[in-house]
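Chain residues, written in single-letter form:
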Protein chains: 2
Amino acid sequence: MENSKLKEQVKAEFTAYLTLHKHRKTPERYAVLDHIYSIKGHFDMESLLNSMLESNFRVSRATLYNTMELLLCCNLVVRHQFGANVAQYERAYGNENHDHLICQRCGKIKEYKNNNPAFTTSQKKYLQRFQISYYSMYIYGICSKCIAAHKTEDRKLKKSKNNNTQIKKK
Amino acid sequence: MENSKLKEQVKAEFTAYLTLHKHRKTPERYAVLDHIYSIKGHFDMESLLNSMLESNFRVSRATLYNTMELLLCCNLVVRHQFGANVAQYERAYGNENHDHLICQRCGKIKEYKNNNPAFTTSQKKYLQRFQISYYSMYIYGICSKCIAAHKTEDRKLKKSKNNNTQIKKK
DNA sequence: ATGTATGCAAACCATTTGCAATGAC
DNA sequence: GTCATTGCAAATGGTTTGCATACAT
């Protein structure tokens, strides 16, 4: 697959980071990186662990968290916390920055490739003293499916309201 | 203070929500709302609880979480999860949407009032089937202070490469 | 040879949950 | 009088930590 080229690049990037910071280049670390770059979308620790175990690479949770910390530091991975309890991760290298549409009702997350320049000139000016490594845009709302479902529900509610006891609004 | 007018508005908003959804209008719920709208910036559950206890209003954590859920639902409060473990909250009504600059080194969060229109026309077109209630823009990077500190540190590092203790967690 | 990284299991701690008592309706 | 809501305490579960062992350098 042509994914292998990307994997080579991130591996080189990771190696550079490890060398610079005098961290050891363990097989576990490279295996974690490789697995992450085999995943396209979001993932959490549990699924990453399972995916690695399934392909017969044994890692501990501790190592996974440890490695993830390093990958976050060198911006090869990005962490999200969409409302829920578990952190979601996502590979960051060669991954166009995109917004996230998060449905507050069903919790589904849709990616939205925003083609606009990330920051306007005036923003850049303001931000020049802040060294940006990446940004995350989370757009919360109700997805079209849930809007439809909600309308149906409302209709039912109105019916039952009319049939049953009702609270008079002054 | 002229904050009281705002408080009246959100109280009315909350009442409407509670009525619509047939939830009870308990003193606890209104007290929580009132306290939240006395806080200007971000806060977490612990500090909110303490603040309430200090002003002699006893609430349980359970009620706090419960009420917060309602306030999130009716968009009177927004929840953030900036990297860390604890969720941060922020009042949402009458609060201009702003971006968050999050320093990956010191963890400090700076608000950045973005004066640009939230969405371009092309974005709006794409998003028209998604009912936006609010959005959060998180910009991660290194703040100017930390950049300076880092430079100094680097200089020291070059002099004596003994400094291995980097970011030790408490 | 040295000390970092791993794996395991226990600890941590914000959040959630179960249940009896309370109080809004 | 009902039953949603509260408060308390215990449970949950993702993440972190301590420590003995393994292994990168």
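As the structure is a computational prediction, the values presented were derived from the model and not from experiment.

Q: What is the right way to look at the relation of the copies chain A and chain B in this model?
A: Two copies of the chain are present, and they differ by a rotation about an axis and a shift along that axis. Rotating chain A by 180 degrees and moving it 0.0 Å along the rotation axis overlays it on chain B with an RMSD of 0.1 Å. In short, the pair behaves as if placed about a two-fold rotation axis. Identified as the residue of chain A closest to the rotation axis by C-alpha distance is A:Met137, at 2.3 Å. Here 92% of the interface residues in chain A have copies in chain B that are interface residues too; the copies meet face to matching face.

Q: What should I look at first to understand the protein's contact with DNA strand C in this one?
A: Around DNA strand C sit 20 residues, and of these A:Arg24, A:Thr63, A:Asn66, B:Arg24 and B:Tyr65 come closest. A share of 73% of the atoms of DNA strand C within 4 Å of the protein falls on sugar and phosphate groups. Residue B:Arg24 places a side-chain N or O atom 2.7 Å away from a base nitrogen belonging to DNA strand C. Residue B:Ala87 places a main-chain N or O atom 3.2 Å away from a phosphate oxygen belonging to DNA strand C. Looking at the surface near DNA strand C, the elements that each hand over two or more residues are α2 (27–36) and α4 (61–73) of chain A together with α4 (61–73) of chain B. Broken down by element, the residue count for the surface near DNA strand C peaks at 3 residues, all from α4(A). Grouping the amino acids of the surface near DNA strand C by side-chain chemistry returns 8 nonpolar, 5 polar and 7 charged.

Q: Any chance you could explain the protein's contact with DNA strand D here in plain terms?
A: Taken together, 20 residues are adjacent to DNA strand D, and A:Tyr65, B:Arg24, B:Thr26, B:Thr63 and B:Asn66 come closest. A:Lys25 is positioned with one of its backbone polar atoms (N or O) 3.0 Å from a phosphate oxygen of DNA strand D. Contact between DNA strand D and B:Thr26: a phosphate oxygen at 3.0 Å from a side-chain N or O atom of the residue. Looking at the surface near DNA strand D, the elements with two or more residues in it are α4 of chain A together with α2 (27–36) and α4 of chain B. Among the elements that line the surface near DNA strand D, the one with the most residues is α4(B), at 3 residues. In the surface near DNA strand D, the residues fall into 8 nonpolar, 5 polar and 7 charged.

Q: Could you clarify how one ought to interpret the interface of chain A and chain B in this entry?
A: Each partner contributes to the interface: chain A provides 40 residues, whereas chain B provides 40 residues. Carbon and sulfur atoms make up 57% of the surface buried where chain A meets chain B, a total of about 3400 Å² over both sides. It is A:Tyr112, A:Phe130 and A:Tyr140 that lose the most area in chain A upon contact with chain B, and together they represent 17% of the buried surface on that side. Linking chain A to chain B there are 0 salt bridges. Going through the elements one at a time, β3 (99–103), β4 (109–112), α5 (121–127), β5 (131–142) and α6 (144–163) of chain A are the ones with two or more residues in the side of chain A that touches chain B. Among the residues forming the side of chain A that touches chain B, the class breakdown is 19 nonpolar, 14 polar and 7 charged. With 11 bridges connecting them, β5(A) and strand β5 (residues 131–142) of chain B associate as antiparallel partners. In the strand pairing of β5(B), A:Tyr135 is matched with B:Ile139.

Q: Help me understand unusual backbone geometry, please; the structure alone is not making it clear to me.
A: All names here are of chain A. The phi torsion at Asn56 lies on the positive side, around 60 degrees, for a residue other than glycine. You can see Asn56 is positioned in the loop between α3 (45–54) and α4. Look at Asn75: it is not a glycine, yet its phi comes out positive at around 60 degrees. The residue Asn75 is located in the loop between α4 and β1 (77–80) in this model. A relative accessible area of 30% places Asn75 in the partly exposed class.

Definitions and limits used
As a convention, each chain's residues are numbered from 1 in the sequence order in which they are written. Naming scheme: in the order in which they are written, chains are lettered from A and ligands are numbered from 1. Restriction of local features to residues with pLDDT of at least 70 applies here, the model being predicted, together with a cutoff of 80 or more for giving and counting side-chain atom pairs; totals for whole chains, interfaces and linings are based on all residues. Water and hydrogen atoms were dropped before computing side-chain values, which therefore reflect all heavy atoms in the structure. A residue counts toward the fit only if its pLDDT is at least 70 in both copies, and the copies are then superposed by least squares on the C-alpha atoms of those residues. Here, residues are in contact when the closest pair of their heavy atoms is within 4.5 Å. In these notes, residues near a molecule or strand are those with any non-hydrogen atom within 4 Å of it. Polar contact is the term for a pair of N or O atoms within 3.5 Å; when the atoms are in protein, one must be able to donate a hydrogen and the other to accept it, and sequence-neighboring residues count only if both atoms are side-chain atoms. Comment: elements are numbered from the N terminus, with helices defined as DSSP H or I runs of at least four residues and strands as E runs of at least two. Residues are sorted three ways: Asp, Glu, Lys and Arg are charged, Ala, Val, Leu, Ile, Met, Phe, Trp, Tyr, Cys and Pro are nonpolar, and all the rest, Gly among them, are polar. By convention, the term buried area covers the 1.4 Å-probe accessible surface removed from two parts as they join, with the contributions of both added. The salt bridge criterion pairs a side-chain nitrogen of Lys or Arg with a carboxyl oxygen of Asp or Glu, the two atoms within 4 Å. For two strands to pair, DSSP has to find at least two bridges joining them. Only protein chains enter the accessibility calculation, which uses a 1.4 Å probe; a residue is then buried when its area is under 20% of its type maximum, exposed when over 50%, and partly exposed in between.

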